[in-house]
Protein chains: 2
Amino acid sequence: MVAKTSTRDRILDIAERLFASRGYKNVSVRELTASAGANLASIRYYFGSKDQLLYAIYERYCTPLNKARLQRLADCAEGDGRAPRLEQIIAAFLEPALDVSVDAVGGGARFTRLRAVLIGENLDFLEDLIARNFDATSLAFVEAIHKAVPALGREEVLWRFSFVLGILHYTLIDPNRIRRLSRGLCDPGDTHGLIRFMIPFIAEGFRAPSAPSLAQGAAPRARRTKKEKAK
Amino acid sequence: MVAKTSTRDRILDIAERLFASRGYKNVSVRELTASAGANLASIRYYFGSKDQLLYAIYERYCTPLNKARLQRLADCAEGDGRAPRLEQIIAAFLEPALDVSVDAVGGGARFTRLRAVLIGENLDFLEDLIARNFDATSLAFVEAIHKAVPALGREEVLWRFSFVLGILHYTLIDPNRIRRLSRGLCDPGDTHGLIRFMIPFIAEGFRAPSAPSLAQGAAPRARRTKKEKAK
DNA sequence: GTCTATATACTGATAGAC
DNA sequence: GTCTATCAGTATATAGAC
């Protein structure tokens, strides 16, 4: 367990850490190899290119993350045949991504921040990277949620699921915003507290009635008019 | 109103557009000035530096955005003295940021994406930039929301407000994720539809009962045990 | 105000010795 | 597997002519 870390593993560790804190493009191969105590050419040697190093980081993390999420999801429904509670499904999705203690590789919060950071970089291969690692599991959760709130349409469930992704990503990518805004009252570093606050908000959100239809000519959103001066 | 655009304004326009799509660090001063049909040295001349150009972009947008949000918030409560409905407050916050038709400067969706992209870049001056432009307005909305759901504690309201920020940011920063995941069923380009889906989810989320307290020794979240093997 | 020319530094990639 | 040396490309910054 103390183990000699191979050069390859040291590069993976240090790269995940640096990419997460400063982004992909902003960390050079030079800095990466120097920090890992490895040679400048070692990234090319072990991974082929800087791009493929990122693919390796994703694969190393997502394999156990997806496994944990799907296992938790399966546990929700076990025993009797009834549909699992919404709260259980949400927890099964969020906790493996947030729980630092279950650091299958090196800390869920750090990796989730890496993902969020990368979204802002518009890498040309990012869409492929995300789809390859997340779509299958995400769709499994969409299906499970839909069964728990069968009155909703599929479009609505998908939209609300993407809101969950937003909540998860934003909380991890910009923890200082809420800490500062709350003058320290909210502590994003407290993972368990964080999940505890997220779950009721999200579960009740999913239980909200469908959004009003937007058929042409339909009445505008119920709101005391008055604001109809503009336009 | 048709107006000759000054070089300075052309740079602001093009910089906002390019930063929003590809990030701050990843757009060079060369590309910026070339796209604006201006000289390479003009950014240094007009703004002092690339950093200060970003400050100018924020200021140009946030002044009318904050004004619109606070005006909409004030409109919610007007007339009688009763507290505005939660849905109205949420709409007052979201719509000015999203509504492209109310492009006070150049399109709310684009600027919101710019903000989201920047969060991932870890610029050393970003926290100052955000606090200066957003904190006052955000706190005004937190107070208004708290009045609409007075049973909640302040910490809970602040957390839930940050979830709203997450939903807003994520939807704009990575529209392709939900489009692809839904195989085109969800269209993030449809701003009005988007707001329509967000509002009931968020409003019901705020109406959820408080998160269970996390006092030491308290029972774990109500969930059929069984998962207590791990650890 | 605009433009050219250039200084200085850093990027990822790669060949080839050891 | 590791290392040095170097390629070609691009970044921001800036001096100085016009």
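Residues numbered from 1 in each chain as written. Chains lettered and ligands numbered in written order. Predicted model: local features only at pLDDT ≥ 70, side-chain atom pairs only at ≥ 80, totals over all residues. Heavy atoms only, no water.

1. Points about the overall build of chain A
Then, number 1: Scanning chain A for helices and strands turns up 10 helices and 0 strands.
Then, number 2: Start at the N end of chain A and walk to the C end: the helices and strands fall as α-α-α-α-α-α-α-α-α-α.
Then, number 3: Relative to its 231 residues, chain A shows a buried fraction of 51%.
Then, number 4: Pairs at least 24 apart in sequence give 70% of the contacts found in chain A among residues at least 6 apart.
Then, number 5: Looking at chain A as shown, the accessible area adds up to about 10,700 Å², and 54% of this sits on carbon and sulfur atoms. (Helix = DSSP H or I, 4+ residues; strand = E, 2+ residues; numbered from the N terminus. Buried < 20%, exposed > 50% of the residue type's maximum accessible area, 1.4 Å probe, protein only. Contact = heavy atoms within 4.5 Å. Areas by Shrake-Rupley, 256 points an atom, 1.4 Å probe, with all protein chains shown as cover.)

2. Quick look at the protein's contact with DNA strand D
Then, number 1: Near DNA strand D there are 14 residues, and of these Asn39 and Tyr46 of chain A together with Ser28, Val29 and Arg30 of chain B occur at the shortest range.
Then, number 2: Between DNA strand D and arginine 30 of chain B, the relevant distance is 2.8 Å, taken from a base oxygen to a side-chain nitrogen or oxygen of the residue.
Then, number 3: Between a phosphate oxygen of DNA strand D and a side-chain N or O atom of arginine 44 of chain B, the distance comes to 3.0 Å.
Then, number 4: Contributing elements (two or more residues each) for the surface near DNA strand D: α3 (42-47) of chain A together with α2 (29-35) of chain B.
Then, number 5: Considered class by class, the residues forming the surface near DNA strand D number 7 nonpolar, 3 polar and 4 charged. (Near = heavy atom within 4 Å. Polar contact = N/O pair within 3.5 Å; in protein donor to acceptor, adjacent residues only side chain to side chain. Nonpolar A, V, L, I, M, F, W, Y, C, P; charged D, E, K, R; others polar.)

3. Things to note about the relation of the copies chain A and chain B
Then, number 1: Superposition of chain A onto chain B requires a rotation of 180 degrees combined with a translation of 0.1 Å along the rotation axis, giving an RMSD of 0.3 Å. Taken together, the rotation and translation relating the two chain copies correspond to the operation of a two-fold axis. (Least-squares fit on C-alpha atoms with pLDDT ≥ 70 in both.)

4. Examining the interface of chain A and chain B
Then, number 1: At the junction of the two partners, chain A supplies 78 residues and chain B supplies 77 residues.
Then, number 2: The contact between chain A and chain B buries some 7,000 Å² in all, and 63% of this surface belongs to carbon and sulfur atoms.
Then, number 3: For the pair chain A and chain B, the interface holds 6 salt bridges.
Then, number 4: Across the contact surface, chain A and chain B share 6 residue pairs in polar contact (both at pLDDT 80 or more).
Then, number 5: Within the residue set of the side of chain A that touches chain B, elements represented by two or more residues are α4 (50-77), α5 (86-98), α6 (108-119), α7 (126-148), α8 (154-173), α9 (175-181) and α10 (191-207) of chain A.
Then, number 6: Take the side of chain A that touches chain B: its biggest share by element is 16 residues, from α8 of chain A.
Then, number 7: Per-class residue counts for the side of chain A that touches chain B are 35 nonpolar, 17 polar and 26 charged. (Buried area = accessible area lost by both parts, 1.4 Å probe. Salt bridge = Lys/Arg side-chain N within 4 Å of Asp/Glu carboxyl O.)

5. What to know about helix α1 (residues 7-22) of chain A
Think of an α-helix as 3.6 residues a turn; residues three or four steps apart then line up on the same face.
Residue and element names in this part refer to chain A.
Then, number 1: With 16 residues, α1 should cover 22 Å at 1.5 Å per step; its first-to-last C-alpha distance of 22 Å lies within 8% of that length.
Then, number 2: If you check which residues of α1 are buried, you get Ile11, Leu12, Ala15, Glu16, Leu18, Phe19 and Ala20.
Then, number 3: Of the residues trailing α1, glycine 23 is marked for its positive phi of about 90 degrees. (Expected span 1.5 Å × (residues − 1).)

6. Re the side chain of asparagine 133 of chain B
Residues and elements named next belong to chain B.
Then, number 1: Considering the arrangement of structural elements, one finds asparagine 133 in helix α7 (residues 126-148).
Then, number 2: Given the relative accessible area of 13%, asparagine 133 is considered buried.
Then, number 3: Discounting residues that sit within four places of it in the chain, asparagine 133 has contacts with Tyr58, Glu59, Cys62 and Asn66.

7. So, the confidence of the model for chain A
Residue and element names in this part refer to chain A.
Then, number 1: Of all residues in chain A, 84% have pLDDT values of 70 or greater, and the mean over the chain is 86.
Then, number 2: The least confident element of chain A, judged by mean pLDDT, is α6 at 79; the most confident is α3 at 96.
Then, number 3: This stretch, residues 217-231, has a pLDDT under 50; its non-local contacts, to residues over four places away or in other chains, come to 16 contacts. (pLDDT = per-residue confidence, 0-100.)

8. Section: the protein's contact with DNA strand C
Then, number 1: Around DNA strand C, the surrounding shell holds 15 residues, and the nearest of these are Ser28, Val29, Arg44 and Lys50 of chain A together with Asn39 of chain B.
Then, number 2: Per the 4 Å cut-off to the protein, sugar and phosphate atoms form 60% of the nearby atoms of DNA strand C.
Then, number 3: One of the side-chain N or O atoms of lysine 50 of chain A is found 2.6 Å from a phosphate oxygen in DNA strand C.
Then, number 4: In this structure, asparagine 39 of chain B approaches DNA strand C through a side-chain N or O atom, which is 3.4 Å from a base nitrogen.
Then, number 5: When contributions to the surface near DNA strand C are tallied by element, the ones reaching two or more residues are α2 (29-35) of chain A together with α3 (42-47) of chain B.
Then, number 6: Looking at side-chain class alone, the surface near DNA strand C contains 7 nonpolar, 4 polar and 4 charged residues.

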